[in-house]
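Residues per chain, in single letters:
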Amino acid sequence: MSSNDEQIAQAEHRFGVRFPEDYRHFLATGGSIARFVPPADDFLMINAMAEFQEVNEAGDFQKRFPGSVVIGGDGSREMLTYDFRQEPPPLVLLDVSAHDWSSAIHQATSFSALLEQFPRAGWKWDEVEPSRS
């Protein structure tokens, strides 16, 4: 088992989830992103495994958003988050100051779908998820 595989397994154990295979593959290959993505020219950040625990423990995300796992964001206030209350878990944006799931903005049904659509569409700002708090 590689170091990345061990870190993935530890993160999954810590949060009681199994990451989708496309995201696991991205992490296993040492993946991270932090750049403006053309032609949408929105900033996309996908955290490396080394930043994973720190990002998820900041701001009481686990208490405010049970079933959440933050994997990145827009480089500012919005956190790209898996919503593990659903199967398969979709990716949503949550503002760092949000109080509950009612402000979640749906981004994609999978990590692969996010990476495919992001260059064209960038962040979606108007697709709020129904509240399931």
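One structure accompanies this document, and this report is about it. What you are looking at is a predicted structure, and each value in this text was computed from that prediction instead of being measured. Every residue gets a number counted from 1 within its own chain, in the order that chain's sequence is written. The predicted origin of the model limits local features to residues at a pLDDT of at least 70 and limits the giving and counting of side-chain atom pairs to 80 or more, whereas totals for whole chains, interfaces and linings rest on all residues. Note that the side-chain values use all heavy atoms of the structure and ignore hydrogens as well as water.

## What to know about the pattern of salt bridges
Selection criterion: Salt bridges are counted wherever a side-chain nitrogen of Lys or Arg sits within 4 Å of a carboxyl oxygen of Asp or Glu. A 1.4 Å probe rolled over the protein chains alone gives each residue an accessible area, and that area as a share of the maximum for its type sets the label: buried under 20%, exposed over 50%, partly exposed in between.
In this structure the tally under the stated criterion is six salt bridges. Linking arginine 18 and glutamate 12 is a salt bridge whose minimum nitrogen-to-oxygen distance equals 3.9 Å. Note on glutamate 12: relative accessible area 7%, which makes it buried. Each member of the salt-bridge network shares a partner with another, and the members are Glu12, Arg18, Glu21 and Arg24.

## As for the nonpolar core
Our working rule: We define a nonpolar core as any set of buried Ala, Val, Leu, Ile, Met, Phe, Trp, Tyr and Cys residues linked to one another through side-chain atoms lying within 4.5 Å. Two residues qualify as a contact provided that any one of their heavy atoms is within 4.5 Å of a heavy atom in the partner residue.
Membership of the largest hydrophobic core comes to 27 residues, with the highest contact counts inside it found for Phe19, Tyr23, Phe52 and Ile71. Every residue in contact with phenylalanine 52, bar those within four places of it in the chain, is listed here: Ala11, Phe15, Phe19, Tyr23, Val69, Val70 and Ile71. Of all hydrophobic cores here, the second largest spans nine residues; its members include Phe65, Leu94, Trp101 and Ala104.

## Looking at the pairing of strand β5 (residues 91-95)
Along a regular strand, successive side chains alternate from one face of the sheet to the other. The test is simple: Secondary structure elements follow DSSP: runs of H or I of four or more residues count as helices, runs of E of two or more count as strands, with numbering from the N terminus. A pair of strands is treated as paired once DSSP finds two or more bridges between them.
Within β5, five of the five residues are buried, which leaves the element mostly enclosed by the surrounding structure. Burial along β5 is two-sided: the residues Leu91, Leu93 and Asp95 and Val92 and Leu94 are all buried. Where strand β4 (residues 78-83) and β5 come together, five bridges link them in antiparallel fashion. For glutamate 78, the partnering residue across the bridge sits in β5 and is aspartate 95. Both β5 and strand β6 (residues 105-108) contribute to a ladder of three bridges, which runs antiparallel. Bridge pairing links valine 92 to histidine 106 in β6.

## Comments concerning the sheet that holds β4
What counts, and what does not: Each axis is a line fitted through C-alpha atoms, taken for helices only over the stretch in contact, and angles between the N-to-C directions span 0 to 180 degrees.
Within the open sheet, the six strands sit side by side as β1-β2-β3-β4-β5-β6. Their pairing is antiparallel. Looking at which strands have only one partner, the edges of the open sheet turn out to be β1 (33-37) and β6. Averaged over all pairs of adjacent strands, the angle between strand axes in this sheet comes to 35°, irrespective of strand direction. In this sheet, strand β3 (residues 68-73) lies alongside strand β2 (residues 42-46) in antiparallel orientation, the contact comprising two bridges. The residue bridging methionine 45 from the neighbouring strand is glycine 73, located in β3.

## A word on the packing of helix α1 (residues 3-15) against helix α3 (residues 49-57)
Packed helices, taken two at a time, are described by their axes: the angle between them and the distance between them. To keep things clear, this is the line we draw: Reported orientations rely on four angle classes, namely roughly parallel under 35 degrees, roughly antiparallel over 145, roughly perpendicular from 65 to 115, and oblique for the rest. Helix crossings fall into two classes, left-handed where the near helix is turned counterclockwise from the far one by less than a right angle and right-handed where it is turned clockwise. All residues other than Ala, Val, Leu, Ile, Met, Phe, Trp, Tyr, Cys, Pro, Asp, Glu, Lys and Arg, Gly among them, are scored as polar; the first ten of these are nonpolar and the last four charged.
One way to put it is that α1 packs onto α3 with a least axis distance of 10 Å and a crossing angle of 15°. By the criterion of interaxial angle, the relationship of α1 to α3 is roughly parallel. For the pair α1 and α3, the crossing hand works out as left-handed. Along its contact with α1, which presents Gln7, Ile8, Ala11, Arg14 and Phe15, the element α3 presents Met49, Phe52, Gln53, Asn56 and Glu57. Here the residues of the contact of α1 with α3 are counted per class, giving five nonpolar, three polar and two charged.

## With respect to the packing of aromatic side chains
Note the following rule: Pairing of aromatic side chains requires ring centres within 6.5 Å, counting the rings of Phe and Tyr and the six-membered ring of Trp. Pairs whose planes differ by under 30 degrees are stacked, by over 60 edge-to-face, and all others tilted. Here, over-ring charges are defined by two tests on the NZ atom of lysine or the CZ atom of arginine: distance to the ring centre within 6 Å, and angle to the ring normal within 35 degrees.
On inspection of all chains with the given rule, the structure shows 12 aromatic pairs. Aromatic pair phenylalanine 19 and phenylalanine 84: ring centres 6.2 Å apart, planes at 50°, arrangement tilted. You can see phenylalanine 19 sitting in the loop between α1 and α2 (21-28) and its partner phenylalanine 84 sitting in the loop between β4 and β5, a full 65 residues away along the chain. Across the pair, phenylalanine 84 and phenylalanine 19 agree in class, each one buried. Measuring from ring centre to ring centre gives 5.0 Å for phenylalanine 61 and phenylalanine 65, while their planes differ by 40°; the resulting arrangement is tilted. An aromatic cluster of at least three residues, connected via ring pairs, comprises Phe15, Phe19, Tyr23, Phe26, Phe52, Tyr82, Phe84 and Phe111. The ring of phenylalanine 15 is capped by arginine 14, whose NZ or CZ atom sits 4.9 Å from the centre of that ring.

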